Amino acid sequence: GIHITARKGTLHTGSYFELWDAIFHIGVIPVFYTPYYRHDFNESILRWKADCGLIWRDKEFGRYLRNDLLFNLGWPVKPGIMFDYYRKRDFLIGGILEYNGEMGNGHFKAARIHDNDLDAYKKSNPKAKNSRFFTEWRHQGALNETTDISIQTEWMKDKDVIKHFR
């Protein structure tokens, strides 16, 4: 299982706890160190979002499993990973940074896949390459009490990579 060891800790009854020099372990393997960690009792340390198409068979992609795993480290920024598998295509691997602060909230995502089956896609896009990737930034905030702002920007290796894989 997942557990944490730390040099020092403080428990604030019913609300949260703080740890200094904390090491996160999966089983006996240390996987992450942070000099400070705060955890509110009403929040989970890990947030996992999964989407799968294991029964219905897509002719282009086959069965698939999409995973987003975010780590709540008690910071305003939550780092995470994307790890997807597409049976006919390959693995998509990427990173996520989700944030929430005074200026607003949003996320940044970037991922890459080495697409093993481009034949169908190359008919409509002959310049397509096997190495396909994207970056995405979305932000929502407020300028004042009456004015909100939303920003979205994407950069893609080809125009369909997000549509195909995310």
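Please refer to the structure placed before this passage.
Presented here is a report on the structure given in the accompanying data block. (Residues numbered from 1 in each chain as written. Predicted model: local features only at pLDDT ≥ 70, side-chain atom pairs only at ≥ 80, totals over all residues. Heavy atoms only, no water.)

### As for the sheet that holds strand β7 (residues 77–86)
Part 1 of the reasoning: Taken together, 7 strands build an open sheet; the order of strands is β5-β6-β7-β8-β9-β10-β11 and the sheet is antiparallel. Single-partner strands in this sheet number two, and they are β5 (46–53) and β11 (148–156). Across the sheet, the mean angle separating the axes of adjacent strands is 10° when strand polarity is ignored.
Part 2 of the reasoning: Bridging between strand β10 (residues 131–142) and β11 involves 9 bridges; their strand directions are antiparallel. The partner of Phe 134 across the bridge, within β11, is Met 156. (Pairing = 2+ DSSP bridges. Helix = DSSP H or I, 4+ residues; strand = E, 2+ residues; numbered from the N terminus. Axes fitted to C-alpha atoms, helices over the stretch in contact; angles between N-to-C directions.)

### Details of the pattern of salt bridges
Part 1 of the reasoning: A complete count under the given rule lists 9 salt bridges for this structure.
Part 2 of the reasoning: Between Glu 98 and Arg 47 there is a salt bridge, with the nearest N and O atoms lying 2.7 Å from each other. Taken together, the residues Glu 98 in strand β8 (residues 90–101) and Arg 47 in strand β5 connect sequence positions 51 residues apart.
Part 3 of the reasoning: Accessibility expressed as a relative area gives 43% for Arg 47, which makes it partly exposed. (Salt bridge = Lys/Arg side-chain N within 4 Å of Asp/Glu carboxyl O. Buried < 20%, exposed > 50% of the residue type's maximum accessible area, 1.4 Å probe, protein only.)

### What to know about the pairing of strand β2 (residues 8–12)
Along any regular strand the residues' side chains alternate between the sheet's two faces.
Part 1 of the reasoning: In this structure, β2 lies alongside strand β3 (residues 16–26), joined through 5 bridges in antiparallel fashion. Counted as the bridge partner of Lys 8 is Trp 20 from β3.
Part 2 of the reasoning: Taking the residues that link successive antiparallel strands as the turn, the β2-β3 hairpin has 3 residues, and the phi of Gly 14 there is positive, at about 75°.

### So, a positive patch on the surface
Part 1 of the reasoning: A surface patch of like charges, here positive, comprises Lys 122, Lys 127, Lys 129 and Lys 157.
Part 2 of the reasoning: Inspection of the secondary structure assignment puts Lys 122 in helix α1 (residues 119–124).
Part 3 of the reasoning: Relative accessible area serves as the criterion here: at 34%, Lys 122 is assigned to the partly exposed category. (Patch = residues over 30% accessible without salt bridge, like charges linked within 9 Å, V, L, I, M, F, W, Y side chains within 5 Å. Areas by Shrake-Rupley, 256 points an atom, 1.4 Å probe, with all protein chains shown as cover. Lys, Arg positive; Asp, Glu negative; His and termini not counted. Charge placed at Lys NZ, Arg CZ, Asp CG, Glu CD.)

### Digging into unusual backbone geometry
Part 1 of the reasoning: In the Ramachandran plot, Asp 21 falls in the positive-phi region, its phi being about 55° despite a non-glycine side chain.
Part 2 of the reasoning: Looking at the secondary structure, you find Asp 21 in strand β3.
Part 3 of the reasoning: For Asp 90, which is not glycine, the phi dihedral falls at a positive 150°.
Part 4 of the reasoning: Mapped onto the fold, Asp 90 is located in strand β8.
Part 5 of the reasoning: The class of Asp 90 is partly exposed, set by a relative accessible area of 23%.

### As for the nonpolar core
Part 1 of the reasoning: With 12 residues, the main nonpolar core is built from Tyr 64, Leu 70, Met 82, Tyr 86, Leu 92, Ile 96, Ala 111, Ile 113, Phe 134, Val 161, Ile 162 and Phe 165.
Part 2 of the reasoning: Those elements giving two or more residues to this core turn out to be β6 (64–71), β7, β8, β9 (104–114) and α2 (161–165).
Part 3 of the reasoning: The leading source of residues in this core is α2, at 3 residues.
Part 4 of the reasoning: Not counting residues up to four positions away in its chain, the partners in contact with Val 161 are Arg 132, Phe 133, Phe 134, Met 156 and Arg 166.
Part 5 of the reasoning: Within the second largest apolar cluster, 6 residues are counted, among which are Phe 17, Leu 19, Phe 24 and Leu 73. (Core = buried A, V, L, I, M, F, W, Y, C linked by side-chain atoms within 4.5 Å. Contact = heavy atoms within 4.5 Å.)

### Structural notes on the environment of Gly 94
Part 1 of the reasoning: Looking at the element boundaries, Gly 94 is found in strand β8.
Part 2 of the reasoning: C-alpha separation for the pair Gly 94 and His 107, spaced 13 residues apart in sequence, amounts to 13 Å.
Part 3 of the reasoning: The contact partners of Gly 94, leaving out residues within four places of it in the chain, are Gly 80, Ile 81, Met 82, Ala 110 and Ala 111.

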